[in-house]
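Structural characterization, general
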Amino acid sequence: MTKQQIANMNMIRLSEHFTLGEMLQTRYYSSQEEPQGDNLLNLCNLCQNVLEPLREDLGVTIHVNSGFRSARVNEYVHGVENSAHLKGCAADITFNLDDRFATLSAAYELLKKNPLVDQCIWYKKRSFLHVGIRPHNSPLLPRNQFLVKSA
């Protein structure tokens, strides 16, 4: 996909405040693919059931660093082989605010209250949260795993 094709997907809403285009943002445009079927449904679930409630509770805009990744993009960013990003089940998020640390901390605590969160990793040094859910058709319950990485 080209950068322009991804930008055009900003017209496709996955939820009130999140678009398909922002969930596809990458600096590896030529290696990105459009999510299909289950992956698209997972992205919708992530946006509607985790990111939207978080945005509403915090009252601030959430910036998505990385959402869905094709296998090639995941390889380029050194993502793990079984990354939830490959299934549209994860987003790396941050906030463009002066007091980003306090907002990340508040977001981390709020996400603990959401029973649909499978995994949340706070990368303190890099100032972002990885937020993941289980795939929509998974028989497994969310792990509610919360980790803090200082490196």
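Residues numbered from 1 in each chain as written. Predicted model: local features only at pLDDT ≥ 70, side-chain atom pairs only at ≥ 80, totals over all residues. Heavy atoms only, no water.

Examining the packing of aromatic side chains
Scanning all chains against the criterion turns up four aromatic pairs. Seen in terms of ring centroids, Y108 and F146 are 5.7 Å apart; in terms of plane orientation they differ by 90°. Their pairing is edge-to-face. Placement of the pair is Y108 in helix α5 (residues 100-111) and F146 in strand β5 (residues 145-149), with a sequence separation of 38 residues. Its relative accessible area of 6% is what places Y108 among the buried residues. (Phe/Tyr/Trp six-rings, centres within 6.5 Å; stacked < 30°, edge-to-face > 60°. Helix = DSSP H or I, 4+ residues; strand = E, 2+ residues; numbered from the N terminus. Buried < 20%, exposed > 50% of the residue type's maximum accessible area, 1.4 Å probe, protein only.)

Structural notes on the layout of surface pockets
If you add up the space inside the largest pocket, you get close to 860 Å³. Taken together, 33 residues form the lining of the largest pocket, with R69, V80, S83, H85 and H130 sitting closest to its centre. Taken together, the elements giving at least two residues each to the lining of the largest pocket come down to β1 (63-66), β3 (117-123) and β4 (128-133). Split into classes, the residues belonging to the lining of the largest pocket amount to 12 nonpolar, 13 polar and eight charged. By volume, the second largest pocket amounts to about 160 Å³. (1 Å grid on protein atoms, 1.4 Å probe; cavity = no way out; pocket = protein on both sides within 12 Å on 5 of 7 lines; lining within 4 Å. Points joined across faces, edges and corners; volume = space filled by probe spheres on them. Nonpolar A, V, L, I, M, F, W, Y, C, P; charged D, E, K, R; others polar.)

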